[in-house]
Amino acid sequence: MKLWGGRFETGPSEIFERFSGSLDFDRKLVFADIEGSRAFANALARAGIVSAAERDRLLQAFDEIGREARDAHYFDGATDEDVHTFVIRKLGEKAGTLAGKIHTGRSRNEQVSLDTRLYLRTAADALLRGLTELMSALLDLAGKYPDAVIPGYTHLRRAQAVLWPHYLLAYFEMFSRDFERVEQARARANVLPLGSGALAGSGFPFDRHAIAKDLKFPAITRNSMDVSGDRDFALDFLYSSSLVMLHLSRLSEDWILYSSEEFEWMSLGDGVTSGSSLMPQKKNPDSLELIRGKTGRVFGALTSLFVTMKGLPMTYNRDMQEDKEPLFEAFEQTLSSLSMATVVAQSVTLHPAKPAAAAEDSWVVATDLAEELARSGTAFHRAHQIVGQLVLESVKSGKKPSQWTGAELAAFAPEFKPEMARLLNPVEGMKSRALEGGTAPAAVARALDEARTRLKALV
Ligand code: ARG
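Here goes a summary of the coordinates provided. (Residues numbered from 1 in each chain as written. Predicted model: local features only at pLDDT ≥ 70, side-chain atom pairs only at ≥ 80, totals over all residues. Heavy atoms only, no water.)

### Some remarks on the packing of aromatic side chains
- All chains considered together, the criterion is met by 19 aromatic pairs.
- For the pair Trp404 and Phe412, a centre-to-centre distance of 5.8 Å together with 80° between the ring planes defines the contact as edge-to-face.
- Judged by its relative accessible area of 9%, Trp404 falls in the buried class.
- Linked through ring pairs, Tyr153, Trp164, Tyr167, Tyr171, Phe175, Tyr258, Phe263 and Trp265 together constitute an aromatic cluster.
- Over the ring of Trp404 we find Lys399, and its NZ or CZ is 4.0 Å from the ring centre. (Phe/Tyr/Trp six-rings, centres within 6.5 Å; stacked < 30°, edge-to-face > 60°. Buried < 20%, exposed > 50% of the residue type's maximum accessible area, 1.4 Å probe, protein only. Lys NZ or Arg CZ within 6 Å of the ring centre and 35° of its normal.)

Shown next as structure tokens:
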């Protein structure tokens, strides 16, 4: 079936029909299309274009289509141009010639914007749920090892000791900003476009605010050309999904490293790892590698729509039909990656002795010593130099921080007091980082409590 044709002497070529058809993918909008069309049937009745009885017949037909569309085979063999055409053909089968009135004053250009917005609202809600589940798993994992010490890295070189919960709370912060971004993307999509016509506005007296209320949109769009020409709400969604994936990818990379034989800080559960067909000993972190890999696909989706949109003249152009596959793809990959990461986090066993030893064996305490010298009156530049020399001497002689005594420190440089040797233990130095946002145990315990409270407010 086609929603146009009068102006044509011959039908479309088979190749063009296959080339331009979108039903194969935009069928995912079927429930959104039905929801939007129900609201439009109400609008037609309010505007006096259909009677109350006709409206009821339309609504009943849409309900039936909605029930039938739950069957996975509903679309088998359908050759309609797109999901909107498909739904109207079904409407015709159920409501006869009355179906011909459903497009009075409505264009597919606004309809596709409406359907995509409805789809994105639901998609955003699913991502928000996925994010809070992951954030909750991270807090649980932090709470399981409240005192574990790990070396924090810069340049992937051991830098300063931090608490394990402090490290996890860093990701908690990233995901909580992602939560805000997804919420914002939802808010941008959450505006009613209906009543815009093809590009110039509708010629029928629809009450756009009443339609908005019907569909739970808090606002209506202000310009009809903007509606047919714009997809920035979709780009907002793709961007916020991309950042979720970016953060997931970096978490994955960390844990792939930390669970390797080189680090041995943690084990991933058997349920989220896989073996090798050849090498019997292998336990591979495929779940995390796939999250990292899928991140590229989601970035690709964002780039794809950016490029699709960049040169389009106002307003609607068929190019815009190419927005859907990247959107669906980004949503589905991001949601499944969030659930995967949550299950991985729930499966992690930390072996705290390993990272603690990594911290103790290296000079992550160097900054603590230099700062203590500065607190006792040595200029920081000088303190830095003294400790640098201490490290050089230790590296040359193969001496670990814990092997220095207070007396030896004091002999090494007069600025050292023997009691400063306590700072050779990373746990001691950490206590000095007590400002908000630092890794001192008391600050981290408070931050963990606050994170739990903040998370509760989000769910
Ligand atoms: N299927 C199209 C899309 O997704 C909507 C149809 C509008 N088509 C048109 N020729 N104006 O963008």
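Additional details are given in the paragraphs that follow.
### Some thoughts on the site of the ligand
- As a structural note, the neighbourhood of the ligand is formed by Ser22, Asp82, Arg108, Asn109, Val112, Tyr316, Gln321 and Lys324.
- At a separation of 3.0 Å, a nitrogen atom of the ligand approaches a polar side-chain atom of Asp82.
- Separating a nitrogen atom of the ligand from a side-chain N or O atom of Asn109 is a distance of 3.0 Å.
- When the ligand is considered free in solution it has 340 Å² of accessible area, and contact with the protein chains removes 85% of it.
- For the shell around the ligand, the element with the most residues is helix α6 (residues 108-144), which contributes three residues.
- In terms of residue class, the shell around the ligand is built from two nonpolar, three polar and three charged. (Near = heavy atom within 4 Å. Polar contact = N/O pair within 3.5 Å; in protein donor to acceptor, adjacent residues only side chain to side chain. Areas by Shrake-Rupley, 256 points an atom, 1.4 Å probe, with all protein chains shown as cover. Helix = DSSP H or I, 4+ residues; strand = E, 2+ residues; numbered from the N terminus. Nonpolar A, V, L, I, M, F, W, Y, C, P; charged D, E, K, R; others polar.)

### A closer look at the nonpolar core
- In this structure, Trp164, Trp255 and Phe416 are the most contacted members of the largest nonpolar core, which totals 133 residues.
- Counting residues per element, this core draws most heavily on α6, which supplies 17 residues.
- The residues touching Trp255, leaving out its near neighbours within four places in the chain, are Leu138, Leu141, Tyr167, Leu168, Met266, Leu288, Val344, Ala345 and Val348. (Core = buried A, V, L, I, M, F, W, Y, C linked by side-chain atoms within 4.5 Å. Contact = heavy atoms within 4.5 Å.)

### Considering the pairing of strand β2 (residues 157-163)
- Sheet analysis places strand β1 (residues 149-154) next to β2, joined by six bridges and oriented antiparallel. Bridging across to β2, Tyr153 finds its partner in Arg158.
- Taking the residues that link successive antiparallel strands as the turn, the β1-β2 hairpin has two residues, and the phi of His155 there is positive, at about 55°. (Pairing = 2+ DSSP bridges.)

### Some remarks on the pattern of salt bridges
- Under the counting rule described, the total for this entry stands at 35 salt bridges.
- With its nearest N and O atoms 3.2 Å apart, the salt bridge here joins Arg55 to Asp56.
- Residue classification places Arg55 among the partly exposed positions, given a relative accessible area of 24%.
- With a relative accessible area of 41%, Asp56 lands in the partly exposed category. (Salt bridge = Lys/Arg side-chain N within 4 Å of Asp/Glu carboxyl O.)

### Some points on the environment of Gln346
- Within the secondary structure layout, Gln346 lies in helix α12 (residues 324-347).
- Counting along the chain gives 77 residues from Gln346 to Gly269, while the straight-line C-alpha distance between them is 8.5 Å.
- Apart from the residues within four sequence positions on either side, Gln346 is in contact with Ala137 and Lys144.

### A look at a nonpolar patch on the surface
- On the surface, Met1, Leu3, Trp4 and Phe8 cluster together into a nonpolar patch covering about 360 Å² of accessible area.
- Following the sequence through the fold, Leu3 ends up in the segment before α1 (14-20).
- Judged by its relative accessible area of 31%, Leu3 falls in the partly exposed class. (Patch = residues over 30% accessible without salt bridge, like charges linked within 9 Å, V, L, I, M, F, W, Y side chains within 5 Å.)

Function-wise, these values are silent; they only describe arrangement.
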